[in-house]
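Single-letter residue listing:
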Amino acid sequence: MASLFAINPGALTLADCRRLITGDCQLALLPAALPAILASAQAVQAVVAKGAPAYGINTGFGKLAKTHIPVVQLEQLQLNLVRSHAVGTGALMDDATVRLMLALKAASLARGFSGVRPVVIESLLALYNAGIHPCIPSKGSVGASGDLAPLAHLTMALLGEGDVRVNGVVLPAIEALQDADIEPLRLAAKEGLALLNGTQASTALALRGLFEAEDLFAAAVVAGALSVDAAKGSDAPFDPRIHAVRGQPGQIAVAAIYRDLLAGSAIRASHAVDDDRVQDPYSLRCQPQVMGACLDLLHNTARTLVIEANAVTDNPLAFAGVDGAVGEVISGGNFHAEPVALAADTLALAIAEIGALSERRIALLIDATLSGLPPFLVASPGLNSGFMMAHVTAAALASENKSLAHPASVDSLPTSANQEDHVSMATFAARRLLEMAANTRGIVAIELLAAVQGIDFHAPLLTSTPLQTVRNAIRERVPFYGEDRYFAPDIAAAIAFVAEAVLTPLLPGLLPSSA
């Protein structure tokens, strides 16, 4: 039975967000959040009663903000807003992303500055708890005025309109709500705008990218350590004194991980003396510098995204009155997703670099002049091609990531008749991270296979205990490459191994969501 997860508005952690993705919990709202929610909703009702123009409450939207809407049409105004903004295209977002969107939107509204009734938040939690995933097209948001199109599709499901996915089956939203005994939501003043405004789509996608990057980082560090031993590289470049005098925190931490992973290797001991190689190539020697910089980027990005996961990002905001004073509704721009866009662009660089360095190590291992191993890591080269084409695949994936890493945030197309004249492109910036992560996962998987192959050529010498454990786990899935065979299933098995994130625990406390 799924355990209870009580949402404490403003206090979500990265570990919480990782858990919310899985859907292995039932969400509830802390009762202590209710007074702020109710006070904010009352501030909106006070504006409605007063009748003075207030953006999105009794006016049109965007360029139509000067159009006053009569009180009797306020509910229709919100319904029209949702329907007209559900204009997304492209493949549907996966269930994991949608789950996180539902939870983040509920947590944001529960801060008590959005002017919605508690029933709105309860409806979001009900969808999550029932496993009802709104069908949300992945394209159509420019990341300013919020993730309008994706969140409109999410909101449609609350109303019993559009389609949803339950246990992988697409069905009409009204049917899913009826099956789960959930009453379709009827929107009051401002509630449609509160649901549509916000950065929850881009933030959910960026968090997915962050967590993928964390797991890839761990796998790549382990693969890099295996490659050091496979190529009979030196562990001297990981000496703590080298990294201390530079002072970069990620570099210092990562060098320590490499030292720990390689400690006790019989392969290293076999060439510790009288090795005629003075220096290893950069892809081995400079791993702490490159991967340490990537680690620092992950931590910097994580700080931005955990703030955004807890943020109030709709507009206008409803501030309750203090000491009996009348509340106030203020229009601003927290919906602009520039922080998410820049964070996602930074993550893209890290994901690309993790893969790029891994690809270079594969190239090193298959080159007998550099690695000292059989050409292309196979006996009888010539008759057998070995890892030749596997490296080509890795190179293709690394090259794709170079193009995908181009920053999305530098692009801006004005929308809404130039009312929204600068946009963040955060949703695309974050969405492409999953594709980049899949590419890097393939590269690292191939490196793991190549490195383990190299380790096996050094038998009976063994690598270190932790690396030997990893080698054995891979060999349970993929046998030694003795001669050419159908290789794609081996690579698929290695990709699945990386995707299981079983190597992440080898870096305890190092990654943002485990710190």
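Refer to the preceding data block for the structure.
Residues numbered from 1 in each chain as written. Predicted model: local features only at pLDDT ≥ 70, side-chain atom pairs only at ≥ 80, totals over all residues. Heavy atoms only, no water.

## Some details on the pattern of salt bridges
Here comes step 1: Tallying each qualifying case throughout the model produces 19 salt bridges.
Here comes step 2: Note that Asp-95 and Arg-165 form a salt bridge whose closest N and O atoms lie 2.8 Å from each other. Linking Asp-95 in helix α4 (residues 95–109) with Arg-165 in strand β6 (residues 163–166), this pair joins segments that are 70 residues apart in sequence. Comparing Asp-95 with Arg-165, the two get one shared label, buried.
Here comes step 3: With a closest N to O distance of 2.5 Å, Glu-447 and Arg-361 form a salt bridge. Separated by 86 residues along the polypeptide, Glu-447 in helix α18 (residues 426–457) and Arg-361 in helix α15 (residues 338–366) bring together distant segments of the chain. An identical accessibility class is assigned to Glu-447 and Arg-361; each is buried.
Here comes step 4: Salt bridges sharing partners connect three or more residues here, namely Arg-18, Glu-214 and Asp-215. (Salt bridge = Lys/Arg side-chain N within 4 Å of Asp/Glu carboxyl O. Helix = DSSP H or I, 4+ residues; strand = E, 2+ residues; numbered from the N terminus. Buried < 20%, exposed > 50% of the residue type's maximum accessible area, 1.4 Å probe, protein only.)

## Quick look at the environment of Ser-464
Here comes step 1: Note on placement: Ser-464 falls in the loop between α18 and α19 (465–475).
Here comes step 2: Assessed through its relative accessible area of 0%, Ser-464 is described here as buried.
Here comes step 3: For the pair formed by Ser-464 and Met-389, sequence separation is 75 residues and the distance between their alpha carbons is 29 Å.
Here comes step 4: If we ignore the near neighbours within four places in the chain, the residues touching Ser-464 are Asp-229, Leu-261, Leu-262, Ala-263, Gly-264 and Ser-265.
Here comes step 5: A polar atom in the side chain of Ser-464 sits 2.3 Å from the backbone oxygen of Leu-261. (Contact = heavy atoms within 4.5 Å. Polar contact = N/O pair within 3.5 Å; in protein donor to acceptor, adjacent residues only side chain to side chain.)

## What to know about the layout of surface pockets
Here comes step 1: Reported here for the largest pocket is a volume of approximately 340 Å³.
Here comes step 2: Surrounding the largest pocket, 20 residues form its lining, Tyr-55, Gly-62, Ser-145, Phe-335 and Glu-420 being those nearest its centre.
Here comes step 3: Looking at the lining of the largest pocket residue by residue, the classes come out as eight nonpolar, 10 polar and two charged. (1 Å grid on protein atoms, 1.4 Å probe; cavity = no way out; pocket = protein on both sides within 12 Å on 5 of 7 lines; lining within 4 Å. Points joined across faces, edges and corners; volume = space filled by probe spheres on them. Nonpolar A, V, L, I, M, F, W, Y, C, P; charged D, E, K, R; others polar.)

## Re the sheet that holds strand β7 (residues 169–172)
Here comes step 1: Reading across from one edge, β4-β6-β7 is the order of the three strands in this open sheet, with antiparallel pairing throughout. This sheet does not close on itself; its edge strands, each paired only once, are β4 (132–134) and β7. Taking the axes of each pair of neighbouring strands and ignoring which way they run, one obtains an average angle of 40° across the sheet.
Here comes step 2: Pairing analysis gives four bridges linking β6 to β7, with the strands arranged antiparallel. Bridging from a neighbouring strand, Val-166 pairs with Val-169 of β7. (Pairing = 2+ DSSP bridges. Axes fitted to C-alpha atoms, helices over the stretch in contact; angles between N-to-C directions.)

## Re helix α17 (residues 388–404)
Three- or four-residue spacings in an α-helix give side chains the same orientation, since the helix completes a turn every 3.6 residues.
Here comes step 1: Helix length check: α17, at 17 residues, gives a terminal C-alpha distance of 25 Å against a target of 24 Å (1.5 Å per residue), a fit within 8%.
Here comes step 2: Where α17 is concerned, the buried positions are Ala-390, His-391, Ala-394, Leu-397, Ala-398, Asn-401 and Leu-404. For α17, the arc enclosing every buried residue in end-on projection is 135°, short of the 170-degree limit, so these residues lie on one face. Residues of α17 that are exposed and angled more than 90 degrees away from the buried face: Met-389, Lys-402 and Ser-403. (Expected span 1.5 Å × (residues − 1). Arc of directions from axis to C-beta.)

## Describing the nonpolar core
Here comes step 1: Core analysis: the largest hydrophobic core is formed by 164 residues, its most contacted members being Leu-207 and Phe-217.
Here comes step 2: With 20 residues, helix α9 (residues 200–230) is the largest single contributor of residues to this core.
Here comes step 3: Leave out the neighbours within four places in its chain, and Leu-207 touches Leu-14, Cys-17, Leu-100, Leu-104, Leu-305 and Ala-309. (Core = buried A, V, L, I, M, F, W, Y, C linked by side-chain atoms within 4.5 Å.)

## Things to note about the packing of helix α1 (residues 14–22) against α9
Here comes step 1: Contact geometry for α1 and α9: axes closest at 11 Å, N-to-C directions at 100°. With respect to α9, the axis of α1 lies roughly perpendicular. From α1, Leu-14, Cys-17, Arg-18 and Ile-21 reach across to α9, where they touch Leu-207, Arg-208, Leu-210, Phe-211, Glu-214 and Asp-215.
Here comes step 2: Counted by class, the contact of α1 with α9 contains six nonpolar, no polar and four charged residues. (Parallel < 35°, antiparallel > 145°, perpendicular 65-115°, else oblique.)

## Observations concerning the pairing of β6
Here comes step 1: Strand direction decides the pairing type here: β4 and β6, joined by three bridges, are antiparallel. Among the inter-strand pairings, His-133 is bridged to a residue of β6, identified as Arg-165.

## Remarks on empty space enclosed by the protein
Here comes step 1: Considering all chains together, one arrives at one cavity of 30 Å³ or more under this definition.
Here comes step 2: The space that makes up the largest cavity amounts to roughly 30 Å³.
Here comes step 3: Every residue along the wall of the largest cavity is listed here: Phe-387, Leu-449, Gln-453, Arg-475, Val-478, Pro-479, Tyr-481, Arg-485, Phe-487 and Asp-490.
Here comes step 4: Residue classes in the lining of the largest cavity are distributed as six nonpolar, one polar and three charged.

## As for the side chain of Arg-432
Here comes step 1: Secondary-structure assignment places Arg-432 in helix α18.
Here comes step 2: Judged by relative accessible area, which is 2%, Arg-432 ranks as buried.
Here comes step 3: Polar side-chain contacts of Arg-432 include one of 3.0 Å to the backbone oxygen of His-406.
Here comes step 4: A distance of 2.5 Å separates a polar side-chain atom of Arg-432 from the backbone oxygen of Ala-429.
Here comes step 5: Once you skip the residues sitting within four places of it in the chain, Arg-432 turns out to touch Ala-344, Asp-345, Ala-348, Leu-404, Ala-405, His-406, Pro-407 and Ala-408.

## A look at the packing of aromatic side chains
Here comes step 1: According to the stated counting rule, one finds six aromatic pairs in the structure shown.
Here comes step 2: Judged by centre distance (5.0 Å) and plane angle (85°), the ring pair of Phe-387 and Phe-487 falls under edge-to-face. Linking Phe-387 in the loop between α16 (368–371) and α17 with Phe-487 in the loop between α19 and α20 (488–499), this pair joins segments that are 100 residues apart in sequence. Each member of the pair Phe-387 and Phe-487 is classed as buried.
Here comes step 3: Taken together, a centroid distance of 4.8 Å and an interplanar angle of 50° make the contact between Tyr-481 and Phe-487 tilted. Side by side, Tyr-481 and Phe-487 carry an identical accessibility label, which is buried.
Here comes step 4: Cluster of aromatic residues (ring-pair linked, three or more members): Phe-387, Tyr-481 and Phe-487. (Phe/Tyr/Trp six-rings, centres within 6.5 Å; stacked < 30°, edge-to-face > 60°.)

## Digging into the packing of α15 against α17
Here comes step 1: Between α15 and α17, the shortest axis-to-axis distance is 9 Å and the interhelical angle comes to 155°. In terms of their interaxial angle, α15 and α17 are classed as roughly antiparallel. Regarding α15 and α17, the two cross each other, and that crossing is left-handed. Facing Ile-351, Ala-352, Glu-359, Arg-360, Ile-362, Ala-363 and Ile-366 of α15, the residues of α17 in contact are His-391, Ala-394, Ala-395, Ala-398 and Asn-401.
Here comes step 2: Within the contact of α15 with α17, the residues separate by chemical class into eight nonpolar, two polar and two charged. (Left-handed = near helix turned anticlockwise from the far one by under 90°.)

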